[in-house]
Amino acid sequence: MRAEFDKALDNFQRMAADDALRGQIAQAVAICVDALRDGRKVLFAGNGGSAADAQHWAGELVSRFYYDRPGLPAIALTTDTSILTAIGNDYGYDYTFARQIEALGQAGDVFVAISTSGRSKNILRALDACEQKGVRVIGFTGAGGGDMASRCEVCFRIPSDETPRIQEGHEFIGHLVCALIESEIFPR
């Protein structure tokens, strides 16, 4: 048990010491704030635990994070079982998010792509759709970044190759980005 605490603590200490990561957080917040102020929306997607993060972060923006304020337009592309199963049945699982980007994405929107490996085929196809629609991309991956890293305007590469550590880093940065968006758009 102690080893797991030590690995998590080491991961967070490496993140805290990373000046470039702080710059990326500020850049991601600015991208989202600009989009939201322009009447655009933030779309989120991932698989498994990353799907849960997508839903969680969309909920933080639509509802509230630290305090009451108007809701912000955010959608998790992981939640509508009828859409997901129709796309999976008609086009294949690799198209579950791309098809939704095609239908819902508009130039100037932001897509938050979450894949611990950076190689999830349905996320990569969604990035293709983002390129075609003019949707900006913020990525969350692990240390290697996979095929996603070079395709994101900002890519948070958590300094670990272990899925649990990567997901813990994603959750922290996702929370921080949501909190900073809230305080930037609705300062107290």
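For the structure itself, consult the block above.
Scoring rules and cut-offs
- The residue numbers shown here count from 1 along each chain, following its written sequence.
- At least 70 in pLDDT is required for a residue's local features to be given in this predicted model, at least 80 for side-chain atom pairs to be given and counted, and no such filter applies to totals for whole chains, interfaces and linings, which use all residues.
- Side-chain figures throughout are based on the complete set of non-hydrogen atoms in the structure, without hydrogens or water.
- A pair of Phe, Tyr and Trp rings is counted when the ring centres sit within 6.5 Å of each other, with Trp represented by its six-membered ring. The angle between the planes then sorts it: under 30 degrees is stacked, over 60 is edge-to-face, the rest tilted.
- Here's how the labels work: a residue is buried when its accessible area is under 20% of the maximum for its type, exposed when over 50%, partly exposed in between, all with a 1.4 Å probe on protein chains only.
- Put simply, DSSP H or I for four residues or longer makes a helix, DSSP E for two residues or longer makes a strand, and each gets a number counted from the N terminus.
- Lines fitted to C-alpha atoms define the axes, with helix axes restricted to the stretch in contact, and inter-axis angles between N-to-C directions lie between 0 and 180 degrees.
- By the definition adopted for this analysis, an angle is roughly parallel if under 35 degrees, roughly antiparallel if over 145, roughly perpendicular if from 65 to 115, and oblique otherwise.
- In this scheme the handedness of a crossing depends on how the near helix is turned from the far one: anticlockwise by less than a right angle means left-handed, clockwise means right-handed.
- Here a residue-residue contact requires only that any non-hydrogen atoms of the pair lie within 4.5 Å.

K.L.:
Where do I start with the packing of aromatic side chains in this structure?
P.N.:
Any two aromatic rings considered together are summarised by their centre-to-centre distance and by the angle between their planes. Taken as a whole, this structure holds five aromatic pairs when the rule is applied. Here the aromatic rings of F65 and Y66 are separated by 4.8 Å at their centres, their planes lie at 85°, and the arrangement is edge-to-face. The exposure class of F65 is buried, given its relative accessible area of 19%. Arranged with centres 4.9 Å apart and planes meeting at 45°, the rings of F140 and F156 form a pair that is tilted. Taken together, the positions of F140 in strand β4 (residues 136–141) and F156 in strand β5 (residues 154–157) put the pair 16 residues apart, joining distant regions of the chain. Each member of the pair F140 and F156 is classed as buried. Taken together, the ring pairs connect F44, W57, F140 and F156 into an aromatic cluster.

K.L.:
When you look at the packing of helix α2 (residues 19–37) against helix α7 (residues 163–185) in this model, what are you seeing that I'm missing?
P.N.:
Helices that pack against each other are described as a pair by the angle of their axes relative to one another and the distance between those axes. Relative to each other, α2 and α7 sit at 50°, their axes nearing to 9 Å. Looking at the two axes, α2 sits oblique to α7. Like other packed secondary-structure pairs, α2 and α7 cross with a definite hand, here right-handed. Between α2 and α7, the residues in contact are L21, I25, V29, C32, V33, L36 and R37 and I173, L176, V177, L180, I181, E184 and I185, respectively.

K.L.:
Help me understand the environment of A126, please; the structure alone is not making it clear to me.
P.N.:
Looking at where A126 falls in the secondary structure, it is placed in helix α6 (residues 121–133). Residues A126 and E162, spaced 36 residues apart in sequence, show a C-alpha to C-alpha distance of 24 Å. Setting aside residues no more than four positions away along its own chain, A126 makes contact with F97, A98, I101 and F111.

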